[in-house]
Amino acid sequence: MSQAYKQLYLTNDLSTYDPYDIWKTNIGIKVKNMFNTSRILGAMPALILSVYDVLFNNSLRLGYKKQEYPIVRALAAQILLKEYNSTKNPDTIRAAEVHLEWLKTNVSKGYSGACWGLGFRWSAFKNVIYDANTPHSTHTPYVLEAFHLYTIYTGNHQYVDLIKSCFSFYEKDLHVLYEDDSMMTVSYGPIKDKIVINVASYTLFVYTIFLSYFPERNQYILQKINKLYQFIRFNQNENGSWFYSKPEKESFIDSFHSCFILKNLMKAGDLVPLDNMETVVKNGYKYLTDSFIDEKHGLYKRFTVSNKLSLTKFDLYDNAEILNIMKMLGDKTKAKKLNEAISRNFINGDGIYSVIDFLGVKRNKNTLRWAVMPYLSALAGSEM
């Protein structure tokens, strides 16, 4: 990885602007909540804010503020830990510890165990607005994995109590939204919110991590892992895809959430045998690479089934996560080709841009959360 890229995660200050800045403002939250409540009433106000943000305020960023995000710190730590695991460079582990200490200090307050969220107020679903302190089942895993990697790569157990504390968050603060004799899933946040398929995959992955820290609860954790896995299998469509949430008629099929499911399945499968996982992943990967590709640009689009208008033509987040899946599966030919397309389309000089808009213009320079750090994370660990 180039030195210029490394400087993006070696610094002690990872505050950044974000593509979601417009939706973090008071008016943005109101409009997003209106849209989530009624597409008819909210569509035009949402379009107006989107046009303002993309075409008029993208460079100026008037009214927006840089901020730190737990997922940025977590991914930065993971990148450095993977580098340390290869080089054993003590400077690298010290840099990772800076991010881990930040994460240890900036946990969500008031919950049963250590947990982390987006870090900003967010209109998530119909009648659901989370505050900046709210932790999520899909964001906590990035931090948990960073602490876990530190523990296994260094043999230093200073964060084990924090990892064990995280187990209490999953056990006590999240809600079971569906369970029968064979499968289950849990909530996105600490309320009974909405069934989201990738939530089950993240929760599956974290419980495979918990196995090594709670040997006395082995049978209980394995049963939960299997139920979460069966829920994911049950909800995979015949063509290999997954809808984002239930009910499907209100949902969509997109690339980066599909990637979340696939990568969590593969990571979990590395730790615990999952029945017929290879076929589930193979079918999901085939749908991903066959259905989302734009052959002309060599990039992957966001949706195959959409439920809203977007001003974005291509998003780095989608392509970064697909690149990561290609590397995890050892598909070097496709990975090399995609990374060349990413470099050609999203990178210009010292800027990594997160979005190519409907006009073909690069937007959102060096926005770390979405999606520079996920891209650098996908690059980490091997050369292409």
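Structural data are supplied above this passage.
Note that the structure is a prediction, hence the values are computed from the model and not measured.

Okay, the packing of aromatic side chains next. If you walk through the whole model with that rule in mind, you get 27 aromatic pairs. Taken together, a centroid distance of 6.0 Å and an interplanar angle of 90 degrees make the contact between Tyr 69 and Phe 120 edge-to-face. Residue Tyr 69 is found in the loop between α4 (39-56) and α5 (70-87), and its partner Phe 120 is found in the loop between α6 (90-105) and β1 (122-125); the two are separated by 51 residues along the sequence. For the pair formed by Tyr 69 and Phe 120, the shared burial category is buried. Relative to Phe 214, the ring of Phe 210 has its centre 6.3 Å away and its plane inclined at 80 degrees; by these criteria the two rings are edge-to-face. For Phe 214, a relative accessible area of 9% puts it in the buried group. A connected cluster of aromatic rings, assembled from ring pairs, spans Tyr 142, Tyr 202, Phe 256, Phe 260, Tyr 317 and Trp 370. Between the NZ or CZ atom of Arg 217 and the centre of the ring of Tyr 220, over which it lies, the distance is 4.7 Å. Positioned above the aromatic ring of Tyr 69, the side-chain terminus of Arg 369 is 5.5 Å from the ring centre.

A few words now on the nonpolar core. If you look at the biggest cluster of nonpolar residues, it comprises 132 residues, and the most contacted ones within it are Phe 210, Leu 265, Tyr 375 and Leu 376. For Tyr 375, the residues in contact, after removing those within four places along its chain, are Leu 316, Ala 320, Leu 323, Asn 339, Ile 342, Ser 343, Ile 347 and Ile 352.

What follows deals with the layout of surface pockets. Gaps between atoms show up when a probe of the same size as a water molecule is rolled over them. Roughly 780 Å³ of internal volume is contained in the second largest pocket. Contributing to the lining of the second largest pocket are 37 residues, with Lys 82, Glu 145, Lys 267, Asn 324 and Met 328 lying nearest its centre. For the lining of the second largest pocket, the elements supplying multiple residues, two or more each, are α5, α7 (140-154), α9 (197-210), α11 (255-271), α13 (316-328), α14 (332-346) and α15 (368-379). Considering only residue class, the lining of the second largest pocket consists of 17 nonpolar, nine polar and eleven charged.

Quick notes on the rules
Residues numbered from 1 in each chain as written. Predicted model: local features only at pLDDT ≥ 70, side-chain atom pairs only at ≥ 80, totals over all residues. Heavy atoms only, no water. Phe/Tyr/Trp six-rings, centres within 6.5 Å; stacked < 30°, edge-to-face > 60°. Helix = DSSP H or I, 4+ residues; strand = E, 2+ residues; numbered from the N terminus. Buried < 20%, exposed > 50% of the residue type's maximum accessible area, 1.4 Å probe, protein only. Lys NZ or Arg CZ within 6 Å of the ring centre and 35° of its normal. Core = buried A, V, L, I, M, F, W, Y, C linked by side-chain atoms within 4.5 Å. Contact = heavy atoms within 4.5 Å. 1 Å grid on protein atoms, 1.4 Å probe; cavity = no way out; pocket = protein on both sides within 12 Å on 5 of 7 lines; lining within 4 Å. Points joined across faces, edges and corners; volume = space filled by probe spheres on them. Nonpolar A, V, L, I, M, F, W, Y, C, P; charged D, E, K, R; others polar.

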